[in-house]
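Examination of the molecular architecture
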Amino acid sequence: MGEQATSDFLGSLRRAVSNVHLYPRGHPQSELALDMLAETTGTLTAGIDALVLSMMDNAFYLDRTLLPQESLEYRDLYRLFQDRGLDSISIDGRPSTGDLAELAAFLANDGSDVPADGTIRLNERPYNRSDLVKLASMSQIRHSYTASLDFLQGVAESMADEAGADISDAVWTVEKLLEQVLLQPGASLLLSTLKTHDEYTFYHSINTSLLALTVGQAIGLNPDQIVELGVGALLHDLGKIRVPIEIIQYPGRLDDAMWAEIKRHPHEGAQAILAGSGQGQEIAALVALEHHARYDLAGYPEVGRRGKLHLYSRITTICDIYDALTTRRAYKRAMPPATALKTIVEGSGTQLDPDLVQIFVSILGIFPAGSLLRLETGEVAAVVAPGRDAESVKAAIVITTDGERVSSPDTFDLSADRVVELLLPEDVGLDAASLVESSHVATG
Ligand SMILES: [Fe+2]
């Protein structure tokens, strides 16, 4: 039972709930989603008698094991379970399709009763807090990340009826993130490399904000300024909520009409921020408006030749591009962090502010946190923090020469000349959240 199986199960449960909500029972769409759910449940439970998915303290646990990546990636599902008063789902080895359908219907809130017995049982809670919680060694930073996801979800909902965005909690949210950036700079940078399979905008926004906070701290802004910058970075892509989702997720080359839609998002975002209420909204609106304008002002929208873009916009652009380059999308592969940094450097002076690029590169180092590196021995190392000097990084061996996963790796100083290949998380089957959670790796 691998991590992928758990993720596939949660993903298909999410789809089944939404399809059962949208279509009547027996409709091909809901039947297809339920078939998928039956298949992923079968894979998850293959060869075992029973398993329990527990929900506690903003995290999912599969039996006793914390699922750090899934806790963040399926945040919406966690909230749904919470709303429906669920804290555990016990599944027998071979759940019936009928019971799975009942579970999906219950979650979709279509008036069905709590599935009480059968192959799926709810709220049996076989594990208590002391069984589970001690494994969540890095829970603070994960809490800050999930609070940010909740905040963005709320903002998106507030924008649904053409109203302004409710950004009143933006400062509080960013202060939580900043706290972690100051307390655990390495882990924060590492968590900023979190990627998900389905959602994009929210995670991208939080990653961009975490990176911007790190830059703000490095260039000596005062705490109030750093928070203003972080709010701007967190809200920079808000306008994308008003661009049709089919265009945002379009898997091919965009035509002119689609591009015209995409190019509306800076304006849309700035307007929504200004129309809403919240501290620091003017600067945040400016960042949203300017984040694609480019350093040489050749980008969009045209912001006039009135001199420089705001400092916070210039920082946000770098962090935005870096996170986008390192993320896999429907239409492109992700770049390894070190390759993305090279691309950032190539944009220096034209697209990007050269002074800020230099600072960004020096903060992230030769192999940024989250990099996965094949060494000359055949082992795979994950970078967890910048090194003592420019030629080394703090890393942990996560896969041995024999291809075995190392469950709680120790960190060591890795010299850059031992690296033979840059790898991607999907090549290796590792995710940032699990790395952060691994106690030996949490080096601050
Ligand atoms: Fe954007």
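This is a predicted model, so every value here is computed, not measured. (Residues numbered from 1 in each chain as written. Predicted model: local features only at pLDDT ≥ 70, side-chain atom pairs only at ≥ 80, totals over all residues. Heavy atoms only, no water.)

This brings us to unusual backbone geometry. For the peptide bond that leads from Tyr300 to Pro301, omega is -10 degrees, which places it in the cis range. Residue position: Pro301 is located in the loop between helix 15 (281-290) and helix 16 (311-325). Despite not being glycine, Asp63 has its phi angle at roughly 50 degrees, a positive value. Examined against the element boundaries, Asp63 turns out to sit in the loop between strand 2 (59-62) and strand 3 (65-66). Despite not being glycine, Asn123 shows a phi value in the positive range, around 55 degrees. Looking at Asn123, the relative accessible area reads 26%, which means it is partly exposed. (Helix = DSSP H or I, 4+ residues; strand = E, 2+ residues; numbered from the N terminus. Buried < 20%, exposed > 50% of the residue type's maximum accessible area, 1.4 Å probe, protein only.)

Bound to the iron ion on the protein side are Asp237 (OD), His265 (NE2), His291 (NE2) and His292 (NE2), at distances that span 2.2 to 2.3 Å. One way to put it: the four donor atoms around the iron ion meet at angles of 84 to 170 degrees, and that makes the site irregular. As a motif over one chain, the donors of the iron ion read D-x27-H-x25-H-H. One end of the pair, Asp237, is in the loop between helix 11 (223-235) and helix 12 (245-248); the other, His265, is in helix 14 (residues 265-275), and 28 residues separate them in sequence. (Donors = N, O, S within 2.8 Å, 3.2 Å for Na, K, Ca; no water. Tetrahedral: all angles 85-135°; square planar, octahedral: opposite > 155°, others 65-115°.)

So, on to the domain arrangement of the chain. According to the domain assignment, the chain contains domain 1 (3-127), domain 2 (139-364) and domain 3 (372-437). Computed over C-alpha atoms only, the centres of domain 2 and domain 3 are separated by 27 Å. Contacts between domain 2 and domain 3 engage 17 residues on the former and 13 residues on the latter. At the boundary of domain 2 with domain 3, total buried surface from both sides reaches about 1200 Å², with 68% on carbon and sulfur atoms. (Domains from an automatic or database assignment. Contact = heavy atoms within 4.5 Å. Buried area = accessible area lost by both parts, 1.4 Å probe.)

Attention now moves to the side chain of Thr40. In this fold, Thr40 is placed in helix 2 (residues 28-45). The exposure class of Thr40 is buried, given its relative accessible area of 12%. A polar atom in the side chain of Thr40 sits 3.1 Å from the backbone oxygen of Leu37. When near neighbours in sequence (up to four residues on either side) are disregarded, Thr40 contacts Asp8, Phe9 and Ser12. (Polar contact = N/O pair within 3.5 Å; in protein donor to acceptor, adjacent residues only side chain to side chain.)

Attention shifts here to the sheet that holds strand 7 (residues 380-386). One open sheet accounts for five strands, arranged 9-8-7-6-10; its pairing is antiparallel. The open sheet has two free edges, formed respectively by strand 9 (411-415) and strand 10 (419-423), since each of these has just one partner strand. Shown here is a sheet whose adjacent strand axes are inclined to one another by a mean of 45 degrees, direction ignored. Note: strand 6 (residues 372-375) against strand 10, four bridges, orientation antiparallel. Within strand 10, the position partnered with Arg374 by the bridge is Glu421. (Pairing = 2+ DSSP bridges. Axes fitted to C-alpha atoms, helices over the stretch in contact; angles between N-to-C directions.)

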